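A closer look at the structure
Each chain, written out:
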Amino acid sequence: MGKIHVMDHPLIAHKISYIRRADVGTKEFREVINEIAQLMCYEATRDLKLKDVKIRTPIAETVGKELAGRKPAIIPILRAGVGMVDGMLSLMPAAKVGHIGLYRDPETLEPVEYYCKLPSDCEERDVFVVDPMLATGGSSTAAIRMLKEKGVNNIRFLCIIAAPEGVERMQKEHPDVELYIGALDEKLNDHGYIVPGLGDAGDRIFGTK
Ligand code: PRP
Ligand code: URA
């Protein structure tokens, strides 16, 4: 079963409480989402593989460590996932960025696919799929299914808020994917929104409604 990492860092907890507030506007919401993504990126990259590298300091030759393999890939699920990309890139500035377009049909809550553009050789990279919300799990499980159909298997999934229903579905459908969760909430309501949650993440990031 894929590991679940629920963040326990005080800064992440503080920032999530801040953006849950209904009166936080678009500018601040967007900024803090990126700050949380940055902190979560730090946690989610702990086990990236390293290789030895010879370096010369101003004093001596030594052997240091650097990231092994191809550059990582960050794949936001459109559209709210885009709100986490700058925060991720602030720690991994050379990462490649792909996009998967999905939206939830408001009636069925089932994901509808509309876009997929991935970095080249994505299957050789460490892939970080990002979306602020894991609710029913329909969108994230479909996005990961799309990636696996294209041969991508080394996948981590980062979300800021998750519902237990979504976590369960992810674990069932993609037990190989490690989950990094900012806060694990109580439940879904009848409209598929996370309770207490933070509302519609896409609308709050982009100022739409
Ligand atoms: C939201 C969110 C996730 C999805 C989560 O996107 O960003 O992608 O819902 O819900 P689920 O786990 O039940 O699938 P939405 O469909 O509202 O699209 P948007 O990002 O374009 O606003
Ligand atoms: N998508 C959101 O943006 N918010 C929720 O609470 C559930 C799905």
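Refer to the structure printed above.
For every chain, the first residue of the written sequence is number 1, and numbering continues from 1 onward in sequence order. Chain labels run from A onward and ligand labels from 1 onward, assigned in the order the entries are written. Two thresholds apply to this predicted model, a pLDDT of at least 70 for residue-level local features and 80 or more for giving and counting side-chain atom pairs, whereas whole-chain, interface and lining totals are computed over all residues. The side-chain numbers reported here are obtained from all heavy atoms of the structure, hydrogens and water having been left aside.

**Details of the overall build of the chain**
What counts is decided by this rule: Elements are defined by DSSP. Helices are runs of H or I of four residues or more, strands are runs of E of two residues or more, and each kind is numbered from the N terminus. Any residue under 20% of the maximum accessible area for its type is buried, any over 50% is exposed, and the rest in between are partly exposed; the area is computed with a 1.4 Å probe on protein chains only. Residue contacts are counted whenever heavy atoms from the two residues lie within 4.5 Å of one another. Only the protein chains shown count as cover for residues, with accessible areas throughout obtained via the Shrake-Rupley method and a probe of 1.4 Å.
Tallying secondary structure elements over the chain gives 6 helices and 13 strands in all. Its C-alpha atoms give the chain principal-axis dimensions of roughly 65 × 35 × 30 Å. Counting the 209 residues in the chain, one finds 47% classified as buried. Across the chain, contacts joining residues at least 24 apart in sequence account for 64% of those joining residues at least 6 apart. With an accessible surface of roughly 10,900 Å², the chain has 52% of that area assigned to carbon and sulfur atoms.

**Here we look at the nonpolar core**
Basically, it comes down to this: Note on terminology: a nonpolar core comprises buried Ala, Val, Leu, Ile, Met, Phe, Trp, Tyr and Cys residues joined through side-chain atoms within 4.5 Å.
Judged by nonpolar contacts, the single largest core of 36 residues is most densely connected at I36, M40, M88, L158 and I160. Only helix 1 (10-20), helix 2 (26-44), helix 3 (85-91), strand 8 (127-130), strand 10 (155-162), strand 11 (178-184) and helix 6 (201-206) provide two or more residues apiece to this core. When residues in this core are grouped by element, the largest group, 8 residues, is from helix 2. Beyond its immediate stretch of four places on either side in the chain, I36 contacts I12, K15, I16, I19 and I160. Ranked by size, the runner-up nonpolar core spans 24 residues in total, among them I77, I100, V127 and V129.

**Focus on the site of ligand 2**
What counts is decided by this rule: Near residues are defined by distance, with any heavy atom within 4 Å of the molecule or strand qualifying the residue. N or O atoms within 3.5 Å of each other form a polar contact, as long as, within protein, one can give a hydrogen and the other can take it, and as long as residues adjacent in sequence are counted only when both atoms are side-chain atoms. We call Asp, Glu, Lys and Arg charged. Ala, Val, Leu, Ile, Met, Phe, Trp, Tyr, Cys and Pro are nonpolar, and the rest, Gly among them, are polar.
Around ligand 2, the neighbouring residues are R104, M133, A135, G192, Y193, I194, G199, D200 and A201. A distance of 2.8 Å separates a nitrogen atom of ligand 2 from a polar atom in the backbone of G199. One of the backbone nitrogen or oxygen atoms of A201 is found 2.8 Å away from an oxygen atom of ligand 2. Here the shell around ligand 2 is built from residues that sort into 5 nonpolar, 2 polar and 2 charged.

**A few points about the site of ligand 1**
Around ligand 1, 15 residues are found, and the nearest of them are R104, D131, T136, G137 and S139. One of the backbone N or O atoms of A80 is found 3.0 Å from an oxygen atom in ligand 1. Note that an oxygen atom of ligand 1 is positioned 2.8 Å from one of the backbone N or O atoms of A135. Relative to its unbound accessible surface of 500 Å², ligand 1 loses 89% to contact with the protein.

**Some thoughts on the pairing of strand 11**
For clarity, the cut-off: Two strands are said to pair when DSSP picks up at least two bridges between them. When the strands point away from the viewer, a crossover counts as right-handed if the route from the first strand across the helix to the second turns clockwise.
Extensive coverage of strand 11 is indicated by the burial of 6 of its 7 residues. Two elements, strand 1 (residues 4-6) and strand 11, share 3 bridges in a ladder whose sense is parallel. Bridge assignment links V6 to a residue of strand 11, and that residue is I181. The pairing of strand 10 with strand 11 spans 6 bridges and is classified as parallel. Across the sheet, I161 pairs through a bridge with A183, a residue of strand 11. For the crossover that starts at strand 10, traverses helix 5 (residues 164-173) and ends in the parallel strand 11, the hand is right-handed.

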